[in-house]
Amino acid sequence: MRRSLLPILASLPSLATAEQPPNVVLIVADDLGYGDVSAYGSRTISTPNIDRLANGGVCLTNGHSAAATSTPSRYGLLTGLYPWRRKTNILPGDAPLIIGEEQFTLARLFQMAGYRTGTIGKWHLGIGKGHIDWNRTIKPGPNEIGFDYSCILPATVDRVPCVYVENGNVVGLDPNDPIEVNYHKNFEGQPTAITNPELMTKITWSHGHNNSVINGIPRIGFMRGGKAALWKDEEMASYLVGKVKDFIEEQPQGQPFFLYFGLHEPHVPRVPEARFEGATTMGPRGDVIVEADWCVGEVISKLEEKGLLENTIVIFTSDNGPVLNDGYNDNASELVGNHDMNGGYRGGKYSLYEAGTRVPFFIYWKGHIRHIVSNALVAQQDLMASFAHMLHQPIPRGLDSEDHLSAFLGKSKKGRRGMVVEAVGRLAYRTRDYALLPAYKGDKRNTTGNEMGIVDTLSLFDLRNDPMQQQNIINKHAKLARHMQAALDKERTK
Ligand code: NG6
Ligand code: CA
C-alpha cells in the first residue's frame, strides 16, 4: 500500500513547494440513486454533465455514503466519523448544530492548508444552539466549523423555515416581518395544509408534510412571517448556481478554494424550474434530475470560463440512495416506467440494503487523472484522510476516515477492507464484495415503500454474484461472516 502511493506523490503537482494546490469542488446531490445517472449505463435518463465527470475521471462503482439518510451521511462526510458514534438522526429545521465548534472538519482541513472554503445549498446538520432567533445572526453554523462562506438551506426543502441563510443571516429578511418557527405546535390562527388545503397550489402531500404551506407547497414544521425572505422552489436551482458562480468569481488570485455544493435535487418536494418541466417522461422526479445535471454543467462551465478546470478537482456524489414516494403526490411511482433508480441494487433511501448507501461517486480532474472505472470500496468520509494526504496536513487520531487518495485519483483500485454502513440507526458491515446484515425485528418497509433492509436472521450476501441480495449464503461462508461480525463489533466498541 505504502509503496503504491509513492508514484502518486511524485506525479502530483509539487504541493510541498510553492505551487498552488488544486481547488476542490464537492457536489453532493440529495437522494440521487446509483441508477439515476446515465454514467452507470442507464438508458432511461440522460445526465450528460454528470457523465462528463464520470467518463473523464474516476468512476467509482463501490462508493458509499456513511448512511442511508441525509443528516448522518453528511455528518460522516464532513467530520470523518461514523455518524452512529454520535447517534445522529434526520434533523428538523430548527435543530442545533450537531458538529461541535471544536471538532475537526473537512472544511477546517482545507482552511489549514490555506484554502478559502465555502458551502452552498443543502446543509441539514443543524444551526444555532436551540431556540433560534431567526431575526438575528444565527451561530454556530457552517462558518463556525470551517467554512469562510456559507449560503444554505438550513435543513431540507420540505422543512421550514423556507429561507436561505447566508453567513448566519436570513437572506432578504424584512425586520418588520420577523420569522418564527415551531416544530411542535402551530401559531394561533395560522393556516395549515389540513385546515386550508386550497393553499396547496403546487403540490399536495401523501404522508407527513401537512403543516405550514409555503409557496403553495405543504411542509414539515410551522412557520410564520418572513414573507419577503421565502425561497421560491421553482427558482432554487438558479439561485444556488448563482451563488456558486459568485463564490468562484470572488476567489482571490493565488489562493485555492474548497466548495461544498449541496444540490437540493431530487429530494421532495420536487418542483423544477419551468424550463425543466417535461424534460423527462418521469414527471417531476425525472425533471429535477435533469435540472441537477444542468447545475453540474453550470459549475463546470464557470470553472472553464475562469480557466480553472485543469486546476480543480470536481467530485460528484449523493448523500443517500433514491426513493420514489417520499411524502408528496408527484406521481414518481406511477411515471417511473422502466427507469431503475437503484441501478440493479436492492433497497434505496432508508435501507441497509445496497441501494441505501451505494451512491454515484466520481472524481474528475482535467488533465491530471485518467478515466478508469474502479470497484474500490471507498466511503465519503475517506475524502478527509485522502485530502489530508494530498495536502500534507495532519488529521486527529481516532477518526473513521481512511486515506484512499490513490483510489480517488485512479492510481489504484485498492480501497477499504471493510466499512460500517448505517440506515436509520441500524448497522451493517461491508467488505468489497460482501454485505453482512444483522437480524432485526420490525417492519420490512417504511411509509415510502422502500425496503428497510430488515432481515430475520443474520445474513451474508455476495454482491458480485447477487447484487439484489436474494440469497443468504451465511451457512456456506460462516467463517467470513464471523470475521465481518467481529469487525463490526470492534468498530462499535471503539
Ligand atoms: C422524512 C420525510 C421525508 C424526508 C426525510 C429526510 C416524512 C413522512 N418523511 O421524515 O420526506 O424529508 O425525512 O430526507 O415526513 S433526507 O434525505 O434529508 O434524509
Ligand atoms: Ca438525502
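Everything numeric in this text was worked out from a predicted model, so none of it was measured. (Residues numbered from 1 in each chain as written. Chains lettered and ligands numbered in written order. Predicted model: local features only at pLDDT ≥ 70, side-chain atom pairs only at ≥ 80, totals over all residues. Heavy atoms only, no water.)

**What about the packing of aromatic side chains?**
Stated formally: A pair of aromatic rings is counted whenever rings of Phe, Tyr or Trp (Trp by its six-membered ring) have centres within 6.5 Å, and the orientation is called stacked for planes under 30 degrees apart, edge-to-face for over 60 and tilted otherwise. Only when the NZ of Lys or the CZ of Arg is both within 6 Å of the ring centre and within 35 degrees of the ring normal is a charge said to sit over the ring.
Summed over all chains, the structure comprises 18 aromatic pairs. Here a set of aromatic residues connected by ring pairs shows up, and it is made of Phe110, Tyr115, Trp123, Phe147, Phe258, Tyr260 and Phe387. The lysine or arginine in question, Arg116, covers the ring of Phe247, its NZ or CZ lying 4.0 Å from the ring centre. Between the NZ or CZ atom of Arg426 and the centre of the ring of Tyr440, over which it lies, the distance is 5.2 Å.

**Some details on the domain arrangement of the protein**
Convention followed: Here the bounds of each domain stem from an automatic or database domain assignment. We define buried area as the total accessible area lost by two parts upon association, computed with a 1.4 Å probe and summed across both. Counted as salt bridges are all cases of a side-chain nitrogen of Lys or Arg within 4 Å of a carboxyl oxygen of Asp or Glu. Polar contact criterion, stated in full: a pair of N or O atoms within 3.5 Å, where within protein one must be able to donate a hydrogen and the other to accept it, and residues adjacent in sequence count only if both atoms are side-chain atoms.
On domain assignment, one finds that the protein holds domain 1 (21–179 + 225–408) and domain 2 (419–493). Its C-alpha centre places domain 1 at a distance of 27 Å from the equivalent point of domain 2. For the pair domain 1 and domain 2, the summed buried area comes to about 2,700 Å², and 55% of that belongs to carbon and sulfur atoms. Of the charged contacts, one joins Arg85 and Glu491 as a salt bridge, the two residues approaching to 2.8 Å between their closest N and O atoms. Summed over the shared surface of domain 1 and domain 2, the result is 16 residue pairs in polar contact (both at pLDDT 80 or more).

**So, the coordination of the calcium ion (ligand 2)**
Here is the rule we go by: Water is absent from the atoms considered, so a metal site may look incomplete; donors are defined as N, O and S atoms within 2.8 Å of the metal, or 3.2 Å for Na, K and Ca. In this scheme the shape depends on donor count and angles: four donors with every angle between 85 and 135 degrees give tetrahedral, four or six donors with opposite pairs above 155 degrees and others between 65 and 115 give square planar or octahedral in turn, and any other case is irregular. In this scheme, a residue with accessible area under 20% of its type's maximum is buried, one over 50% is exposed, and one in between is partly exposed, where area comes from a 1.4 Å probe on protein chains only.
Within the first shell, the calcium ion (ligand 2) binds the protein through Asp30 (OD), Asp31 (OD), Asp319 (OD), Asp319 (OD) and Asn320 (OD1), at distances of 2.2 to 2.7 Å. In this structure, the calcium ion (ligand 2) is coordinated by six donor atoms arranged in irregular fashion, with angles at the metal of 52 to 171 degrees. Mapping the donors of the calcium ion (ligand 2) onto the primary sequence yields the spacing D-D-x287-D-N. No difference in accessibility class separates Asp30 from Asp31, as the two residues are buried.

**Notes on the sheet that holds strand β14 (residues 361–364)**
The criterion, for reference: Strands qualify as paired when DSSP identifies two bridges or more between them. For helices the rule is a DSSP run of H or I covering at least 4 residues; for strands it is a run of E covering at least 2, with both sets numbered from the N terminus onward. In what follows, residue pairs with any heavy atoms lying within 4.5 Å of each other are defined as contacts. To get an axis, a line is fitted to the C-alpha atoms, and for a helix only the part in contact is used. The angle between two axes follows their N-to-C directions and goes from 0 to 180 degrees.
Taking strand neighbours across the sheet as the criterion, the 10 strands line up as β7-β6-β5-β4-β12-β1-β13-β14-β2-β15 in an open arrangement whose pairing is mixed. The sheet is open, and its two borders are formed by β7 (169–170) and β15 (372–374), each paired with just one other strand. Note that strand β1 (residues 23–29) and strand β13 (residues 312–318) share seven bridges and pair parallel. Note that in β13 the partner of Asn23 across the bridge is Thr312. Sheet strands in contact with helix α5 (residues 236–249) are β4 (116–122), β5 (149–153), β6 (165–166) and β12 (257–262), and its direction is about 175 degrees off that of β12.

**Digging into the site of ligand 1**
Quick note on the threshold: Being near a molecule or strand, for a residue, means having at least one of its heavy atoms within 4 Å of it. Using a 1.4 Å probe, accessible areas were evaluated by the Shrake-Rupley method; residue-level cover was limited to the displayed protein chains. Gly falls in the polar group here, along with every residue not listed as nonpolar (Ala, Val, Leu, Ile, Met, Phe, Trp, Tyr, Cys, Pro) or charged (Asp, Glu, Lys, Arg).
Surrounding ligand 1, one finds 20 residues, the nearest of these being Lys122, Asp158, Arg159, Asp326 and Lys349. Within the contact set of ligand 1, an oxygen atom lies 2.8 Å away from a side-chain nitrogen or oxygen of Arg159. In isolation ligand 1 exposes 450 Å². Once the protein is present, 86% of that is buried. Taken together, the residues of the shell around ligand 1 break down into four nonpolar, nine polar and seven charged.

**Focus: the pairing of β4**
In summary, the side chains of a regular strand alternate between the two faces of the sheet. Summarising burial for β4: seven of the seven residues are buried, a large majority. Judged from the five bridges that link them, β4 and β5 form a sheet pairing that is parallel. Pairing of Gly118 across the sheet is with Tyr149, part of β5.

**Here we look at the pairing of strand β17 (residues 419–423)**
Counting buried residues in β17 gives five out of five residues, a clear majority hidden from the surface. Here β17 shows a buried face lined by Met419, Val421 and Ala423 and a second buried face lined by Val420 and Glu422. The pairing of β17 with strand β18 (residues 426–430) spans five bridges and is antiparallel. Looking across to β18, one finds that Met419 is bridged to Arg430. Between β17 and β18, which pair antiparallel in sequence order, lie two residues; one of them, Val424, sits at a positive phi of approximately 50 degrees.

**Here we look at the environment of Asp433**
Inspection of the secondary structure puts Asp433 in the loop between β18 and β19 (434–437). Looking at Asp433, the relative accessible area reads 10%, which means it is buried. Along the sequence, Asp433 and Asn338 sit 95 residues apart, while their C-alpha atoms lie 27 Å from each other. Those residues in contact with Asp433 that lie beyond four places of it in its chain are Phe461, Asp462, Leu463 and Arg464.

**Brief notes about the nonpolar core**
To be explicit about the condition: Within this scheme, the nonpolar core is defined by two criteria: the residues are buried Ala, Val, Leu, Ile, Met, Phe, Trp, Tyr or Cys, and they are joined through side-chain atoms within 4.5 Å.
By size, the foremost hydrophobic cluster in this structure holds 108 residues, and its most contacted members are Trp123, Phe258, Phe261, Phe316 and Phe362. Broken down by element, this core gets its largest block of residues, nine residues, from helix α6 (residues 284–305). Formed by 27 residues, the second largest nonpolar core is a distinct cluster that contains Met419, Ala428, Val455 and Leu463.

**Looking at the side chain of Glu491**
Within the element layout of this structure, Glu491 appears in helix α10 (residues 478–493). Aside from chain neighbours lying at most four places away, what touches Glu491 is Tyr82, Trp84, Arg85, Asp400 and Val420.

**Details of the sheet that holds β19**
Ordered in space as β17-β18-β19-β20, the four strands form an open sheet in which the pairing is antiparallel. In this open sheet, the two strands that pair with only one neighbour each are β17 and β20 (459–462). In this sheet, adjacent strand axes meet at a mean angle of 25 degrees when their direction is disregarded. Relative to β19, β18 is paired through two bridges, and the arrangement is antiparallel. Bridge pairing links Tyr429 to Leu436 in β19. Taken strand by strand, α10 contacts β17, β18, β19 and β20, and its axis lies near 130 degrees from that of β18.

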